[in-house]
Amino acid sequence: MGDSAAPAAAAGRLEKSYFDVLGICCPSEVPLVEKLLEPLAGVHKVTVVVPSRTVIVLHDAAAISTAQIVRKLNGARLEASVRAYGGAGQSKVSNKWPSPYVLVCGVLLVVSLFEHFWRPLKWFAVAGAAAGLPPIVLRSVAALRRRTMDVNILMLIAVAGAIALKDYSEAGFIVFLFTIAEWLETRACGKATAGMSSLMSMAPQNAILAETGQVVATQDAKINTVIAVKAGEVVPIDGVVVDGRSEVNESTLTGESFPVSKQADSQVWAGTLNIDGYIAMRTTAMADNSAVAKMARLVEEAQNSRSSTQRLIDTCAKYYTPTVIFMSAAVAVIPVCVRARNLRHWFELALVLLVSACPCALVLSTPVATFCALLRAARTGLLIKGGDVLESLASIKVAAFDKTGTITRGEFSVEEFQTVGERVSKQQLIYWVSSIESRSSHPMASALVGYAPSNSVEPKSENVAEFQIYPGEGIYGEIDGEGVYVGNKRILARASCQTVPDIVEHMKRVTIGYVACNKELIGVFSLSDSCRTGSTEAIKELRSLGIKSVMLTGDSTAAATHAQNQLGNILAEVHAELLPEDKVRIVDELKARDGPTLMIGDGMNDAPALAKADVGVSMGVSGSAVAMETSHITLMSNDIRRIPKAIKLVRRTHRTIVVNIVFSVTTKLAIVALAFAGHPLIWAAVLADVGTCLLVIMYSMLLLREKGSGKVAKKCCASSHSKKHEHSTSHHHLLQWSSA
Ligand SMILES: Nc1ncnc2c1ncn2[C@@H]1O[C@H](COP(=O)(O)OP(=O)(O)OP(=O)(O)O)[C@@H](O)[C@H]1O
Ligand SMILES: [Mg+2]
Ligand SMILES: [Zn+2]
């Protein structure tokens, strides 16, 4: 909400409000809602999310209030209500029973079934139809006033036609089927809506100030406010712990339910649960900008980016309805003009065609499935940014992984640290390196900064001047009046340093860093990192899905090969010593050679490659906002096993959509074919229309259900144990440098 408000602040306060609109039963109501709201003064943008029956309105709060919008929608019998930020979904619960209209209609219809015993009972069917009609009539009138054709009007014509043909029980059945199916659809969609709103209401609405104990609205809390979170409470805003320690369950964000321990300086996220212990935390974002709020916004916006399949369907539907209505009119009128025999038959055929003009099941086939898949993915800690991404993800052939921070943990430890030559003492070298590195956010930097205190050195980033980053090489900074370069072999060339040392055998497994000053090598260090738990599993699973995995890294060939060995040589290709632009080039080559390519990176200097790939996945909830926005998918947890899972989910979604489309098209065709073949059954046409709609929704909902879940084996990759062993032995070696 805050985001969208910012640019238009001058035009008054723009607000994004959510409305639950139960009356949206068919995509054909979308234009109705748009036509209703868009002309209103103060309304800037209207978004209709059919699967969750939500209308999102961007409006100027000063010019038009939410109450006015609700009144407008309810004027068209759309059963709208405001959804409060946080407190969503209650209105859905009241839908346990169908409306009294439907119930009365049903009872009267059952009574009329006994007309064979007593003829006058047939009038009960008419009464039943009349009982169920009022909501349909009111909505038809509303639609007519807006000059939009909608399903209510089609149904009304069908009922009128059936009565004109003196087919009273048919009329009653049409009304009953239509209204009961509508209720069932609402109920079915309720689950999806509830899931969506639980995503939006994960963070509590109030926060407690740590100093005064005062309760304030989360939305009003400023950045750098210290708030208190007691055991059992949900963290209201993103922030950093300043005091206390506790275990936090982050499953709402990451989908992983094991507790994460937090102490001073740990980051905590809004929407996560403080299990035990009291923490005081300093907020680092406004409530609207917390990771969870962004996540909810992204899922909701994903609705707007329609896949190509859906665009195709929408275009077809646009021509389909008028064509069929025109045909139906022709079938009704022409026989009358040519004085054909059996006018009744032609009239029935016309009515069947008319009812079949509603393409709702086909139009719903993609968005409901997409919606459920996006929601399901979000619940397991995977933010997918649009329906179109689902489609590309389903056809991925190659997965390119960044190494540091993606396949490996990105948590380096300093193995060895040595001076070269006599220019500086080890203490001074550590001081220089750690101070310069404290300006960098590279995963290696934090290891080097953390190495200083253990050698009784305090890094001073304020003493560094002219700091510079050379992507894929290293960094430069001036300290104590000296220009110091830290980085890989490439940085030595930049530092015009002649001496390139040989590397001894045991060093070939690790990442080596060089320190140069005044065209001279003054130090070397080695860092090691280990593979993430589950990297091997993830890559194996991808292979079983027919997807080839490759590694793209800026690190040395030695370190890359070592990681490949740790993984048991399951990567099809390893490319090392790459600059960010090399990664882009290789992604391009992979796309041309092997097909649709997925790129997974930690988003820092991988951003161009992520953007180039067909699907870019960025890692981590802590990833910068930019990374989250440029990638197509954000992995909220760092578990890359979510990738093969996501691919399975989207492939399943793809199958669901195909089934939906085939099913809804064939039923419609069958009914029309049957009618032309001499069996124009109006009630069957209505049943086919509302029934397929309902089945499409329910079938898509199955995507929300877990399939063989909850069994994420917490297996450690076997090689990580042997790796630890190697570390301890390598400490005993001394570096032998053959520098001149
Ligand atoms: N701040 C830094 N301090 C020391 N060395 C650095 C620093 N930044 C980069 N380097 C060196 O440059 C190399 C390439 O860096 P780059 O960020 O492109 O890749 P990476 O993130 O280490 O690896 P990957 O591409 O697998 O994520 C690193 O392996 C490291 O040797
Ligand atoms: Mg990286
Ligand atoms: Zn329909």
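Everything quoted here is computed from the prediction, not taken from an experiment.

1. Details of the packing of aromatic side chains
And step 1. Under the criterion given, the structure shown has five aromatic pairs.
And step 2. The interplanar angle of 15 degrees and the centroid separation of 5.6 Å between the aromatic rings of phenylalanine 417 and phenylalanine 525 together place this pair among those described as stacked. Remark: phenylalanine 525 occurs in strand β21 (residues 520-528) and phenylalanine 417 occurs in strand β16 (residues 413-419); sequence separation between them is 108 residues. For the pair phenylalanine 417 and phenylalanine 525, a shared accessibility class is recorded, and that class is buried.
And step 3. Centroid distance tyrosine 470 to tyrosine 485: 6.4 Å. Interplanar angle 25 degrees. Geometry classified as stacked. With tyrosine 470 in strand β17 (residues 465-470) and tyrosine 485 in strand β19 (residues 482-487), this residue pair connects regions lying 15 residues apart in the sequence. Both residues of the pair, tyrosine 470 and tyrosine 485, count as buried.
And step 4. Clustering of aromatic rings is evident, with ring pairs tying together Phe417, Tyr451 and Phe525.

2. A few points about the sheet that holds strand β8 (residues 239-243)
And step 1. Ordered by their spatial adjacency, six strands build an open sheet running β6-β5-β7-β13-β8-β11, and the pairing between neighbours is antiparallel. Bordering the open sheet on either side are β6 (215-217) and β11 (267-268), each of which pairs with just one other strand.
And step 2. Here strand β7 (residues 226-229) pairs with strand β13 (residues 279-283) via four bridges, running antiparallel. Each bridged residue has a counterpart across the sheet, and for isoleucine 227 the counterpart in β13 is methionine 281.

3. Here's the deal with the coordination of the zinc ion (ligand 3)
Ideal values for angles at a metal depend on the geometry: 109.5 degrees with four tetrahedral donors, 90 or 180 degrees with six octahedral donors.
And step 1. Bound to the zinc ion (ligand 3) on the protein side are Cys358 (SG), Cys360 (SG), Asp689 (OD) and Asp689 (OD), at distances that span 2.2 to 2.7 Å.
And step 2. Relative to the metal, the four donor atoms surrounding the zinc ion (ligand 3) lie at angles of 50 to 123 degrees, and the coordination shape comes out irregular.
And step 3. Spacing between the donor residues of the zinc ion (ligand 3) along the chain follows C-x1-C-x328-D. Both residues of the pair, cysteine 358 and cysteine 360, count as buried.

4. Quick look at the site of ligand 1
And step 1. In the region of ligand 1, 19 residues are neighbours, and Asp402, Glu437, Thr553, Lys583 and Asn605 sit closest.
And step 2. The side chain of histidine 442 places a nitrogen or oxygen atom 2.9 Å from an oxygen atom of ligand 1.
And step 3. Glycine 554 has a polar backbone atom sitting 2.8 Å from an oxygen atom of ligand 1.
And step 4. Relative to its free-state accessible area of 590 Å², ligand 1 is covered by the protein chains to the extent of 97%.
And step 5. Put simply, the parts of the chain that give the shell around ligand 1 at least two residues each are α15 (403-407) and β18 (474-479).
And step 6. For the shell around ligand 1, a count of residues per class yields three nonpolar, ten polar and six charged.
And step 7. Residues lining the shell around ligand 1 come from more than one domain, with at least three contributed by each of domain 2 (382-409 + 531-636) and domain 3 (413-528).

5. Some details on the confidence of the model for the protein
And step 1. For the protein, the average pLDDT comes to 81, and 86% of its residues sit at 70 or higher.
And step 2. Every residue in residues 86-93 scores below 50 in pLDDT, and together they form 13 contacts with partners more than four places removed in sequence or on other chains.
And step 3. Under a pLDDT of 50 for its full length, residues 708-740 has, in the predicted model, 44 contacts with residues more than four places off or in other chains.

6. Let's talk about helix α5 (residues 100-112)
And step 1. If you check α5, its first and last C-alpha atoms are 18 Å apart, about what 13 residues at 1.5 Å a residue would give, namely 18 Å.
And step 2. Of all the positions in α5, only Val102, Cys105, Gly106, Leu108, Leu109 and Ser112 are classed as buried.

7. Concerning the nonpolar core
For soluble globular proteins, nonpolar side chains are generally found buried alongside one another.
And step 1. The biggest cluster of nonpolar side chains holds 120 residues, and the ones touching the most others in it are Val33, Leu37, Val55, Leu73, Leu393, Leu598 and Ile643.
And step 2. Considering each element in turn, this core owes the most residues, eleven residues, to helix α13 (residues 360-379).
And step 3. Ignoring sequence-local partners within four residues, the contact set of valine 33 consists of Ile24, Val46, Val48, Val55, Leu73 and Leu78.
And step 4. In this structure, Phe412, Val414, Trp432 and Leu448 belong to the second largest nonpolar core, which totals 26 residues.

8. Describing the environment of alanine 538
And step 1. As for its placement among the helices and strands, alanine 538 is situated in helix α19 (residues 535-544).
And step 2. By relative accessible area, which is 0% here, alanine 538 ends up buried.
And step 3. Considering only alpha carbons, one finds alanine 538 and lysine 645, 107 residues apart in sequence, at a separation of 8.8 Å.
And step 4. Contact partners of alanine 538, with chain neighbours within four places excluded, come to Ile640, Arg641 and Pro644.

9. What about the pattern of salt bridges?
Pairing between side chains becomes possible if they bear opposite charge and their charged atoms approach one another.
And step 1. Within this structure, the stated rule accounts for 19 salt bridges.
And step 2. One salt bridge in this structure joins arginine 344 and aspartate 167, with 3.9 Å as the shortest N-O distance. Here arginine 344, found in helix α12 (residues 343-355), pairs with aspartate 167, found in the loop between α7 (151-164) and α8 (168-200); they are 177 residues apart in sequence, far enough to count as distant.
And step 3. When the shortest N-O distance is used, the salt bridge between lysine 612 and aspartate 588 registers 3.7 Å. Of this pair, lysine 612 sits in helix α22 (residues 607-612) while aspartate 588 sits in helix α21 (residues 580-594), and the two are 24 residues apart along the sequence.
And step 4. On the accessibility criterion, aspartate 588 (34% relative accessible area) is partly exposed.
And step 5. Through salt bridges with shared partners, a single network forms among Lys548, Glu573, Arg593 and Asp594.

10. Some thoughts on the environment of leucine 343
And step 1. Here leucine 343 is to be found in helix α12.
And step 2. Measuring from C-alpha to C-alpha, the distance between leucine 343 and valine 331 comes to 10.0 Å, with twelve residues separating the pair along the chain.
And step 3. Excluding its chain neighbours within four sequence positions, the residues that come into contact with leucine 343 are Pro335 and Val336.

11. Notes on helix α20 (residues 557-566)
In an α-helix, one turn spans 3.6 residues; hence positions three or four apart end up facing the same way.
And step 1. Taken as a whole, α20 has its buried residues at Ala559, Ala560, His562, Ala563, Gln564 and Gln566.
And step 2. Glycine 568, located one to two residues past α20, shows a positive phi value of around 75 degrees.

12. A closer look at the pairing of β21
And step 1. Counting buried positions over the nine residues of β21 gives eight, a clear majority of the element.
And step 2. With six bridges connecting them, β16 and β21 associate as antiparallel partners. The partner of glutamine 418 across the bridge, within β21, is valine 524.
And step 3. In the sheet, strand β20 (residues 511-517) pairs with β21 via seven bridges, with the strands oriented antiparallel. The residue of β21 that forms the bridge with tyrosine 514 is valine 524.
And step 4. From the end of β20 to the start of β21, which pair antiparallel, there are two residues, and asparagine 518 there has a positive phi angle of about 55 degrees.

Quick notes on the rules
Residues numbered from 1 in each chain as written. Chains lettered and ligands numbered in written order. Predicted model: local features only at pLDDT ≥ 70, side-chain atom pairs only at ≥ 80, totals over all residues. Heavy atoms only, no water. Phe/Tyr/Trp six-rings, centres within 6.5 Å; stacked < 30°, edge-to-face > 60°. Helix = DSSP H or I, 4+ residues; strand = E, 2+ residues; numbered from the N terminus. Buried < 20%, exposed > 50% of the residue type's maximum accessible area, 1.4 Å probe, protein only. Pairing = 2+ DSSP bridges. Donors = N, O, S within 2.8 Å, 3.2 Å for Na, K, Ca; no water. Tetrahedral: all angles 85-135°; square planar, octahedral: opposite > 155°, others 65-115°. Near = heavy atom within 4 Å. Polar contact = N/O pair within 3.5 Å; in protein donor to acceptor, adjacent residues only side chain to side chain. Areas by Shrake-Rupley, 256 points an atom, 1.4 Å probe, with all protein chains shown as cover. Nonpolar A, V, L, I, M, F, W, Y, C, P; charged D, E, K, R; others polar. Domains from an automatic or database assignment. pLDDT = per-residue confidence, 0-100. Contact = heavy atoms within 4.5 Å. Expected span 1.5 Å × (residues − 1). Core = buried A, V, L, I, M, F, W, Y, C linked by side-chain atoms within 4.5 Å. Salt bridge = Lys/Arg side-chain N within 4 Å of Asp/Glu carboxyl O.

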